[in-house]
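Examining the three-dimensional arrangement
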Amino acid sequence: MMKMHRSAAEWLLALTLVVGTATPSLGQSMERDGYVLPPASVQDLFKRDKNITTLDRLSPDGDHFLIPTFQELTDLKLMSQRTLRLAMLEFVPAVNREWRLATYGNTALSLYSLKDRRTYPIKLPSNAFFSDMRWSPDGSQLALVAHLPTASQVWIADVKTGDARAVSDAPVMATLVARPGGGGESPETAAGRLLQWMPDGSILTVIVPPNRGPEPQEPAVPVAPIIRRSRDRETPTSTQPFLLRTPNDERLFKYYTTAQLVAMAPGRAPRPIGTPLMYLDYWVSPDGKAILRESLEEPFSYLTAFSAFGRRLEVIDLDGKVLAEIRRRPLQEAQTRGNDPAAENAPRDVAWRPDGKGLSMLLREPAGGGDEPRKDRVMLLAPPFAMAGAQTLVSTEHRISNVRYAKDGRYATMTFTKRVGSNNRDDLMAFDLTASPAAPFVLKANIDTSDPLTLPGDPMITVSGNGNPSLMVSGDGASLYLQGDGYKASFAPQPFVDKVAIRTGATTRVFEGAADTYDNPLVALD
């Protein structure tokens, strides 16, 4: 589906201005002052439904597909809402909602049942946008955030009937966690990020703190001039259109990003977990016993966006008690060229393993003081999550990225990036983690990532209701699948799916799109 988002509105505005650029007399101009629309034939282009039904959001029970109806345009009423733009975060304060979610988005949701061969709507309000759709673990329910005219709320829909209801009237804080790019296009995040299902059927989300008080106000009479101080050393920064400028900007940013993490369920008040924080993200462990959370920390800066503010990544229990601090990153005002030493020494790609054994992370070896290169490592941090007890699973002199695990935790795939002359080459590796040490297998070697015509594809994954990915493994447990765009010399895509034997790398093509068309494959794999 083509998504023009804000650009579609900009095109319509441009057409409106072009149509109205004739130069009538002053009297005629005054009589016709106002909006001038393009011809009806042009308006019709923007009114057409551009949604294309794609069956790619399958429920965990394998029966239902979610089909959203997306509205890419907006109207003057929504565009006229008071909007705050602070530290590169845009949001509508009246509804505690990120700007994008307050102006356009999904206007309806439908379900398609494979078993019944029918499509039917989810019964939702007609004057709202909808985001962050999450299947329940058994696929019988769908959680979502309904962005109503006055507030955002968590709703639950019954998959069999399409009936939907609000879980609570507590307003969701849909600003920082719902920031642009969070949903992305990857399978892990396409469903959203504001909601996580808990094993007891409750839903984890963030709400407006009940006792936060009124919005901070700029004093009518300034208490001090606006003061800018240069740094004591060179601080290269990028040019960004809206950063914090005043102390009241700081207060407003904190006021509209501080949220209370809660577990909510129908018929009972939201249960707070810990104290309010400026939440960036949160992820429930597969066993539902712990939460990985990341939050912003003060001080703020007038030189950078919120993405460069200090942040902390922690593991907490269901009462909000901190079990472990995984990493803490201070405020970063200056752009770094090349590798950032602080980032190189910190855990990265921290995520829950799908087999429930704990957290996976990548971490360089500690500096030894000699000239030997530091190895990169895949680590397992098991409960009780003490960093000193992290276990090394894979170690190599090459840079590791893109780690994925099979659902049972036996196999993991990853990319090793190595230097070959003046260029980089990638090896796509698989490891049997049940062996001691982990047994390596080369799936694809010496991949030139700069040549799209030779790319072997990426490991295919399945995603849990909460967005946790796991490798798609063949029924006999001996093969994985790679999916790619299959660009030809003409740069026309010809999507493919390959079956790759883990231990030998032997490859069999199980799907290839037609040479003259492009489609997303939906294939049955053994």
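Our structure's up above, just so we're on the same page.
Just so you know, these numbers come straight off a predicted model, no measurement behind them.

A look at unusual backbone geometry
- The linkage connecting Pro383 with the following residue, Pro384, adopts the cis geometry, with an omega of 10°.
- Among the secondary structure elements, Pro384 is positioned in the loop between strand E21 (376-381) and strand E22 (391-396).
- Cis rather than trans, the peptide bond between Ser436 and Pro437 has omega equal to 0°.
- Position of Pro437 relative to the elements: it lies in the loop between strand E25 (423-432) and strand E26 (439-447).

A look at the nonpolar core
- With 32 residues, the main nonpolar core has Leu194, Leu204, Val206, Leu261 and Tyr282 as its most contacted residues.
- Those elements giving two or more residues to this core turn out to be strand E8 (141-147), strand E9 (152-158), strand E12 (203-207), strand E13 (260-265) and strand E15 (278-284).
- The residues touching Leu194, leaving out its near neighbours within four places in the chain, are Asp132, Val145, Val172, Met173, Ala174, Val177, Ala178, Leu204, Thr205, Val206 and Tyr282.

Overview of the sheet that holds strand E2 (residues 84-86)
- What the three strands build is an open sheet, ordered E2-E3-E4; its pairing is antiparallel. Each of the sheet's edge strands pairs with one partner strand only, and the pair in question is E2 and strand E4 (97-98).
- Packing of helix H6 (residues 247-257) onto the sheet brings it into contact with E2 and strand E3 (89-92), and relative to E2 it is tilted by some 105°.

Regarding a nonpolar patch on the surface
- Taken together, the side chains of Leu453, Tyr487 and Phe491 present a nonpolar region at the surface, about 280 Å² in accessible area.
- Looking at where Leu453 falls in the secondary structure, it is placed in the loop between E26 and strand E27 (458-459).
- Owing to a relative accessible area of 37%, Leu453 belongs among the partly exposed residues under this scheme.

Considerations on the packing of aromatic side chains
- A full pass over the atoms with the stated rule returns 10 aromatic pairs.
- For the pair Trp99 and Tyr104, a centre-to-centre distance of 6.3 Å together with 75° between the ring planes defines the contact as edge-to-face. Tyr104 shares its class with Trp99; the two are buried.
- Taking the centre distance of 5.4 Å and the plane angle of 80° together, the rings of Phe253 and Phe300 count as edge-to-face. Here Phe253 is found in helix H6, whereas its partner Phe300 is found in the loop between strand E16 (291-297) and strand E17 (310-316), with 47 residues between them in sequence.
- The lysine or arginine in question, Arg118, covers the ring of Tyr120, its NZ or CZ lying 3.9 Å from the ring centre.
- When the ring centre of Phe496 is taken as origin, the NZ or CZ atom of Arg509, which lies over that ring, is 4.2 Å away.

Parameters and conventions
- Residues numbered from 1 in each chain as written.
- Predicted model: local features only at pLDDT ≥ 70, side-chain atom pairs only at ≥ 80, totals over all residues.
- Heavy atoms only, no water.
- Helix = DSSP H or I, 4+ residues; strand = E, 2+ residues; numbered from the N terminus.
- Core = buried A, V, L, I, M, F, W, Y, C linked by side-chain atoms within 4.5 Å.
- Buried < 20%, exposed > 50% of the residue type's maximum accessible area, 1.4 Å probe, protein only.
- Contact = heavy atoms within 4.5 Å.
- Pairing = 2+ DSSP bridges.
- Axes fitted to C-alpha atoms, helices over the stretch in contact; angles between N-to-C directions.
- Patch = residues over 30% accessible without salt bridge, like charges linked within 9 Å, V, L, I, M, F, W, Y side chains within 5 Å.
- Areas by Shrake-Rupley, 256 points an atom, 1.4 Å probe, with all protein chains shown as cover.
- Salt bridge = Lys/Arg side-chain N within 4 Å of Asp/Glu carboxyl O.
- Phe/Tyr/Trp six-rings, centres within 6.5 Å; stacked < 30°, edge-to-face > 60°.
- Lys NZ or Arg CZ within 6 Å of the ring centre and 35° of its normal.

These values are about where atoms sit, not about what they do.
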